[in-house]
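Given next are the chains, with one letter for each unit.
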Amino acid sequence: MISANQTYDFIVVGSGGGSMCAALYLKSVGLNPLVLEKTEFIGGSTAMSGGVLWIPNNSLNREAGLQDSPEKGRQYLDTLTTSPDPGRGGTQARRHAFVDQGPEMIDFLRAQGIELLRADGYSDYYDDSPGGMAEGRAIVAKVFDVKRLGKEWASKLRLTGLTLPLTIREVCKIVLIKKTWEAKQIAMRMTLRQLQNKLFGKQLVGTGAALQGRMLEACVKAGAEIRINSPVCEFIMENGAVRGVVVRKDGSEERILSRYGVLINAGGFSHNPEMRARYQPEVKTLWSSANPGDTGEMIEETLRVGGSVDAMDESWWISTSMPPEHQGIWPLHITEIAKPHTIMVDAQGNRFCNEGASYMEVGQMQLARHRSGVEAIPGWMVFDSQYHKDYMTAGTMPGAKFPKKWLDSGYIQVADTLAELAGKCGIDASGLEKTVERFNGFARSGVDLDYHRGRRQYDRWFGDPTHKPSPSLGTLEKGPYYALKIYPGDVGTAGGIVADEFARALTPTNDIIENLYATGNSSAPVCGRYYVGPGTSIGASFTFGYIAAKHAAAKAGM
Ligand SMILES: Cc1cc2nc3c(=O)[nH]c(=O)nc-3n(C[C@H](O)[C@H](O)[C@H](O)COP(=O)(O)OP(=O)(O)OC[C@H]3O[C@@H](n4cnc5c(N)ncnc54)[C@H](O)[C@@H]3O)c2cc1C
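In this text the structure is predicted, and so the values were computed from the model without any measurement.

> Any chance you could explain helix H16 (residues 429–445) here in plain terms?
Residues spaced three or four apart along an α-helix face the same direction, because each turn holds 3.6 residues. In this model, H16 (17 residues) spans 25 Å end to end at C-alpha, consistent with the 24 Å of a helix rising 1.5 Å per residue. Every buried residue of H16 is listed here: Gly-431, Leu-432, Thr-435, Val-436, Phe-439, Asn-440, Phe-442 and Ala-443. For H16, the arc enclosing every buried residue in end-on projection is 165°, short of the 170-degree limit, so these residues lie on one face. Along H16, the residues that are exposed and aim more than 90 degrees away from the buried face are Lys-434, Glu-437 and Arg-444.

In structure tokens:
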């Protein structure tokens, strides 16, 4: 008999996206789950994120009169994500499980009182691929008052990052504050919400904090047990099956058994330098914006007990810069590099991607250029004074003076001419001048013949609708010119434990490790090498967490 301190029906390791969804489902069928979170905060990177879930054929879209279907969702994933090889996480069975169970999961959450909204118009990232939707399939949580969690829980929600009282849709659009009425209205809404915080003692948050805040509230209400400061270090094994976990902290050890399974929702390995060096040698842990608990030990532990991993060289790449003396999440430049009057170049002064494409693709292209032997890490975001006048840079307001320490430290380089700027940055000057001349031609015609920036609805979503002829392309012709270093940072690693369509962990020969499930960044990605739309990562984490919980509940006869 295995010795243990306690026994639960189900254990979730980590409080990421799928964790509380799984716990909530199990509570709803009368089972007793336990969520174990290593850090002092609940919510993982999910709570720091935009809080978007990509779910095809969801009920919110249907209620808005949009046409989607399981067939369309499957067609999109089957066409788009199968080349290059999606790896063992992206099997057809898993893709279809995602499409089939995602909508049910959303309906389950809504029935549990989680208030969700469409991120209206936040397009699929490849809307021009068969089955793609320009209107988007993105779902977010309504702005949430953290105070609703009460004293015991409010301080335990991870609240770094995008904690403005705005939904991600509003965050994406407020950056056009100088250009559109919509942005000005959003700014007014934000001010009103901040006023409510002051006048009525609320703590309104949006994005991932709202999502995980609402999930935590529902779990607490349902009586699901969630423990912080509880790092899981080992599985308890019996005859090749996982029977429980060992939590070790400050010299004490707790052995906890689970009747129906253990779900790993412990994120990836963004902050594990040894795993990075092994799987992603060009990439530094420093560049990551993932939560500090993203250290990969549960992936290693799964390998130890016979599991397998895939897509470990992949991350959710995101163009990142590193200002001096910065605290918190690095500036992420996804909305900025998609705006007119800016391009990204390598050390030869050449562009290497559609800057307005999915951030994962931009990172892949940057890494590919660097691996080809041309220095592209860092790459350079180059922009002119037209850009600076109208758009934000690393969080500064349009037209605002850049902080002196940014200029003194060389974080932002400034020069009157492109050649001088190139000299300061170590970029080939004639290469940069030629690239800009060619790009300016594209900007005037409105068509990017090299990388097709602005062709997809997603590129245009982050563009400037007031800019003509293209919302995505604008000339770089008015000095002074500016440049800042862009690294292929990430918001999490994408590879991990290989699991099947029921989220069950698999051995290298596709045998099931009994009672072990994985979801989120701990698992190999269902969408392979693609970020198919906003919320690809969190949508899959929630869905496979839900699938795992249903599978375990079925074992219990529920
Ligand atoms: C600024 C930002 C914006 C983003 N926006 C989006 C977005 O809108 N949509 C989207 O899909 N993705 C977004 N991402 C990426 C996304 O947040 C992550 O990919 C996703 O949240 C990962 O979720 P997860 O379920 O794998 O686990 P996580 O949310 O990362 O949580 C894992 C948890 O497990 C804990 N843990 C780790 N090891 C152990 C252990 N041994 N024992 C116990 N606990 C452990 C960790 O401390 C952590 O709390 C964004 C990320 C950032 C940083």
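> Hey, could you run me through the site of the ligand in this one?
Around the ligand sit 41 residues in total, of which Glu-37, Thr-46, Asn-521, Ser-537 and Ser-541 are the nearest. In this structure, Lys-38 approaches the ligand through a main-chain N or O atom, which is 3.0 Å from a nitrogen atom. In the environment of the ligand, an oxygen atom lies 2.5 Å from a nitrogen or oxygen atom belonging to the side chain of Thr-46. Considering the ligand on its own, with 1,000 Å² of exposed area, one finds that the protein chains cover 97% of that surface. Those elements giving two or more residues to the shell around the ligand turn out to be helix H2 (44–48), helix H11 (297–304) and helix H18 (536–555).

> Looking at this structure, how should I read the environment of Gly-18?
Position of Gly-18 among the secondary structure elements: in helix H1 (residues 17–28). In contact with Gly-18, not counting residues within four places along its chain, are Leu-263, Asn-265, Thr-519, Ser-541, Phe-542 and Gly-545.

> Could you clarify how one ought to interpret the layout of surface pockets in this entry?
In this approach, a probe sized like a water molecule rolls over the atoms, and the result shows the empty space that is left. Considering only enclosed or pocket space, the second largest pocket measures out at about 270 Å³ in volume. Class assignment of the residues belonging to the lining of the second largest pocket gives a composition of 9 nonpolar, 2 polar and 5 charged.

> Where do I start with empty space enclosed by the protein in this structure?
In this structure the tally under the stated criterion is 2 cavities of 30 Å³ or more. Each pocket or cavity is described by its volume, and for the largest cavity that value is around 120 Å³. Lining the largest cavity are 16 residues, with Gly-520, Ser-523, Pro-525, Val-526 and Ala-540 positioned closest to its centre. Examining the composition of the lining of the largest cavity, we find that 5 residues originate from one element, H18, more than from any other. When grouped by side-chain class, the residues that make up the lining of the largest cavity number 8 nonpolar, 7 polar and 1 charged. Of the voids in this model, the second largest cavity is the one considered here, and its volume is about 40 Å³. If you trace the second largest cavity, you find it lined by Ser-319, Ile-334, Ile-337, Ala-338, Glu-355, Gly-356, Ala-357, Tyr-359, Val-362, Tyr-458 and Phe-462.

> Quick question: what am I supposed to make of the packing of aromatic side chains here?
Where two aromatic rings form a pair, the distance of their centres and the angle of their planes describe that pair. Counted under the stated rule, the structure contains 27 aromatic pairs. With 5.8 Å between their ring centres and 40° between their planes, Trp-54 and Tyr-76 make a pair best called tilted. Within this pair, whereas Trp-54 is found in strand S4 (residues 53–54), its partner Tyr-76 is found in helix H4 (residues 70–80), the two being separated by 22 residues in sequence. The same class applies to Trp-54 as to Tyr-76, namely buried. Arranged with centres 5.5 Å apart and planes meeting at 75°, the rings of Tyr-458 and Phe-462 form a pair that is edge-to-face. Stacked on the ring of Trp-181, the Lys or Arg Lys-184 has its end atom at 5.5 Å from the ring centre.

Here is what the cut-offs are and how they apply
- Residues numbered from 1 in each chain as written.
- Predicted model: local features only at pLDDT ≥ 70, side-chain atom pairs only at ≥ 80, totals over all residues.
- Heavy atoms only, no water.
- Helix = DSSP H or I, 4+ residues; strand = E, 2+ residues; numbered from the N terminus.
- Expected span 1.5 Å × (residues − 1).
- Buried < 20%, exposed > 50% of the residue type's maximum accessible area, 1.4 Å probe, protein only.
- Arc of directions from axis to C-beta.
- Near = heavy atom within 4 Å.
- Polar contact = N/O pair within 3.5 Å; in protein donor to acceptor, adjacent residues only side chain to side chain.
- Areas by Shrake-Rupley, 256 points an atom, 1.4 Å probe, with all protein chains shown as cover.
- Contact = heavy atoms within 4.5 Å.
- 1 Å grid on protein atoms, 1.4 Å probe; cavity = no way out; pocket = protein on both sides within 12 Å on 5 of 7 lines; lining within 4 Å.
- Points joined across faces, edges and corners; volume = space filled by probe spheres on them.
- Nonpolar A, V, L, I, M, F, W, Y, C, P; charged D, E, K, R; others polar.
- Phe/Tyr/Trp six-rings, centres within 6.5 Å; stacked < 30°, edge-to-face > 60°.
- Lys NZ or Arg CZ within 6 Å of the ring centre and 35° of its normal.

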